[in-house]
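Coordinate inspection notes
Each chain is listed here by its residues.
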Amino acid sequence: MTEPVHPTHPVPGPHGPGQSPERPAKQTPLEQMGGTTGLVYMMLPIVAFVLANASFGLTAAICTAVGVALAISALRLVRKEPLQPAFSGLFGVAVASFVAWKTGSAKGFFLTGIWSNLALGVLFLLSVLVRRPLAGIVWGALNGTGTAWLKDKPSLRYYDIATLTLVGVFAVRVAVWQWLYDEDRTGWLAVARIAMGYPLLALALLVVLWAGRRSARRLAALAGQQPPSDDVRPLRQDSHLADQSSTPGQAGDRIRPEGIAPGRRSSR
């Protein structure tokens, strides 16, 4: 006797039968920059520098800022957090401290921020003038969408708006920070550096996100409106003719009596 065969049923996965795993939600601009923790990490060396400079002088302020940046990097390493932001912050603090030491002034600590934003503003503005807006190029590189949007004028206009928004951010930073630098307002310069850092950049990135989504929807719609290629059309026509020729009741497909070969008439 053979054992009865029991029907096998697929084992449901962790997401249930017939369900695909959910895609992780897209990160907000603030989350992409490290969230509130990233904001705190960015603020600490600047605050430490200003407080130490007011209490102990420039040399102590430089040592304190670099020490805080090193401590943040070590903390990220222990907590197994991404090290790239930590190393970037450490490098920025080291360069700013070197400039402050060379100029012999505490406000020199903020010169690199003014110079870098000026350079970025000019670069992004030139990219719009040559019809290669950097906001779209960087967005396409990060998301793997490429540069197909360059051939679509509305998409190009979306990324022009996003790039010019970033240019505005860089320009406002340079104007405010340079004015405070000229007025020797080191304390207010630190406040402006923090307030106009990540928060202002996050607002600009919302415009970049808007441009990326509008462009993606438009390109997807254009791709769906493309006509079929030439190598597909003949196949569809042949199959249509084949269906017509095989349909019973057509003039060329008469039903013959059984036993009579085609081409011969009955003797009756």
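Report follows, based on the coordinates. (Residues numbered from 1 in each chain as written. Predicted model: local features only at pLDDT ≥ 70, side-chain atom pairs only at ≥ 80, totals over all residues. Heavy atoms only, no water.)

All right, on to the nonpolar core then. Membership of the largest hydrophobic core comes to 27 residues, with the highest contact counts inside it found for Ile46, Phe49 and Phe109. The element best represented in this core is helix H3 (residues 58-78), accounting for five residues. Apart from residues lying up to four places away in sequence, Phe49 is in contact with Leu58, Ala61, Ile62, Ala65, Ala100, Ala106 and Phe109. Grouped together as the second largest cluster of nonpolar side chains are 18 residues, Phe124, Phe170, Leu201 and Ala211 included. (Core = buried A, V, L, I, M, F, W, Y, C linked by side-chain atoms within 4.5 Å. Buried < 20%, exposed > 50% of the residue type's maximum accessible area, 1.4 Å probe, protein only. Helix = DSSP H or I, 4+ residues; strand = E, 2+ residues; numbered from the N terminus. Contact = heavy atoms within 4.5 Å.)

Next up on the list: helix H9 (residues 198-224). Between its first and last C-alpha atoms H9 spans 38 Å; for 27 residues at 1.5 Å apiece the expected length is 39 Å, and the two agree. Burial in H9 covers these residues: Leu201, Ala202, Ala204, Val208, Leu209, Ala211, Gly212 and Ser215. (Expected span 1.5 Å × (residues − 1).)

Our next topic: the environment of Ala175. Along the chain, the position of Ala175 falls in helix H7 (residues 153-182). Of the residues examined, Ala175 reaches a relative accessible area of 48% and is grouped as partly exposed. In the structure, Ala175 is positioned 57 residues away from Leu118 in sequence and 9.5 Å away in space, judged by C-alpha atoms.

What follows deals with the packing of H7 against helix H8 (residues 186-195). Between H7 and H8, the least distance of the axes is 9 Å, while the angle of their chain directions is 170°. Taken together, the axis directions place H7 and H8 in an arrangement best described as roughly antiparallel. Along this stretch, H7 crosses H8, giving a crossing that reads as left-handed. Residue-level contacts link Val176, Trp177, Leu180 and Tyr181 of H7 to Trp188, Leu189, Ala192 and Arg193 of H8. Of the residues that constitute the contact of H7 with H8, the class distribution is seven nonpolar, no polar and one charged. (Axes fitted to C-alpha atoms, helices over the stretch in contact; angles between N-to-C directions. Parallel < 35°, antiparallel > 145°, perpendicular 65-115°, else oblique. Left-handed = near helix turned anticlockwise from the far one by under 90°. Nonpolar A, V, L, I, M, F, W, Y, C, P; charged D, E, K, R; others polar.)

As a further point, take the side chain of Lys107. Structurally, the position occupied by Lys107 is in the loop between helix H4 (84-103) and helix H5 (111-129). For Lys107, a relative accessible area of 17% corresponds to the buried category. With residues up to four places along the chain from it excluded, the contact list for Lys107 reads Tyr181, Asp184, Thr186 and Leu189.

Counting across every chain of the model gives three salt bridges. Residue Lys107 is joined to Asp184 by a salt bridge in which the shortest nitrogen-to-oxygen separation is 2.5 Å. Taken together, the positions of Lys107 in the loop between H4 and H5 and Asp184 in the loop between H7 and H8 put the pair 77 residues apart, joining distant regions of the chain. As a salt-bridge pair, Arg218 and Asp152 come within 2.7 Å of each other at their nearest N and O atoms. Pair noted here: Arg218 is in helix H9 and Asp152 is in the loop between helix H6 (134-143) and H7, with a separation of 66 residues, a long-range link. Owing to a relative accessible area of 31%, Arg218 belongs among the partly exposed residues under this scheme. On the basis of relative accessible area, Asp152 is assigned to the buried category, the value being 8%. (Salt bridge = Lys/Arg side-chain N within 4 Å of Asp/Glu carboxyl O.)

Let us look at a positive patch on the surface. Together, Arg157, Arg213, Arg214 and Arg217 line one region of the surface with positive charge. For the positive patch, the leading source of residues is H9, giving three residues. Turning to its location among the elements, Arg157 is positioned in helix H7. (Patch = residues over 30% accessible without salt bridge, like charges linked within 9 Å, V, L, I, M, F, W, Y side chains within 5 Å. Areas by Shrake-Rupley, 256 points an atom, 1.4 Å probe, with all protein chains shown as cover. Lys, Arg positive; Asp, Glu negative; His and termini not counted. Charge placed at Lys NZ, Arg CZ, Asp CG, Glu CD.)

What follows deals with the packing of H4 against H5. Where H4 meets H5, the closest approach of the two axes is 8 Å, and the angle between their N-to-C directions is 115°. Residues Val95, Ala96, Val99 and Thr103 of H4 form the contact with H5, whose own contacting residues are Leu111, Thr112 and Trp115. Among the residues forming the contact of H4 with H5, the class breakdown is five nonpolar, two polar and no charged.

Another point: the environment of Gly146. With respect to the helices, strands and loops of the structure, Gly146 is situated in the loop between H6 and H7. Separated by 10 residues in sequence, Gly146 and Gly136 place their C-alpha atoms 9.1 Å apart.

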